[in-house]
Amino acid sequence: MKRKVAKLISPKTFVIEQEEIPPLKKDEVLVKIEACGICHTEMSTYLGESVTIIEGLENYRFQKEIPYPVELGHEPSGIVLDVGSEVKDLKIGDRVGGPS
């Protein structure tokens, strides 16, 4: 199975690529994304100014050199397509969303 990925390759410029979806691990969930926003913290990356490097829940820094290509968006919502064998709180067809 393949997925479409919007990759930022330079300021304000995306390309759409197709990539293979790796096999689902026992504790993972496969979600068909129906909507995904670009957070205000990602706007500087979109504009080519800097990228936010996250190094833990409370630790982040800004970096001027942007390591293109970049995949933006971390507030998705969608429908569960598959669940790993150890996932107990979600099932196929559930609607999910929020930060990831």
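Placed above this text is the structure.
Residues numbered from 1 in each chain as written. Predicted model: local features only at pLDDT ≥ 70, side-chain atom pairs only at ≥ 80, totals over all residues. Heavy atoms only, no water.

Caption draft 1: Representation of the overall build of the protein within the structure. Assigned secondary structure in the protein consists of one helix and seven strands. Counting only C-alpha atoms, the protein reaches 40 × 30 × 20 Å along its principal axes. Taken across its 100 residues, the protein has 19% of its residues classed as buried. Across the protein, every contact between residues at least 6 apart in sequence was considered, and the portion connecting residues at least 24 apart equals 52%. When the accessible surface of the protein is summed, it comes to about 7400 Å², and 54% of that surface belongs to carbon and sulfur atoms. Distance between charge centres in the protein, computed from 13 positive and 17 negative side chains, equals 4 Å. (Helix = DSSP H or I, 4+ residues; strand = E, 2+ residues; numbered from the N terminus. Buried < 20%, exposed > 50% of the residue type's maximum accessible area, 1.4 Å probe, protein only. Contact = heavy atoms within 4.5 Å. Areas by Shrake-Rupley, 256 points an atom, 1.4 Å probe, with all protein chains shown as cover. Lys, Arg positive; Asp, Glu negative; His and termini not counted. Charge placed at Lys NZ, Arg CZ, Asp CG, Glu CD.)

Caption draft 2: Expanded view of the environment of Lys32. When you line up the elements, Lys32 lands in strand β3 (residues 29–37). Lys32 sits eleven residues away from Met43 along the chain, and the two C-alpha atoms are 24 Å apart. When residues no more than four places from it in sequence are discounted, the contact partners of Lys32 are Ser77, Gly78, Ile79 and Leu81.

Caption draft 3: Spatial organisation of the side chain of Ser44. You can see Ser44 is positioned in helix α1 (residues 43–46). Beyond its immediate sequence surroundings of up to four residues, Ser44 is in contact with Glu49 and Ser50.

Caption draft 4: Structural detail: unusual backbone geometry. Omega for the peptide link from Tyr68 to Pro69 comes to -5°, which places this bond in the cis form. The residue Pro69 is located in the loop between β5 (60–63) and β6 (75–83) in this model.

Function cannot be read off these values alone, since they describe shape.
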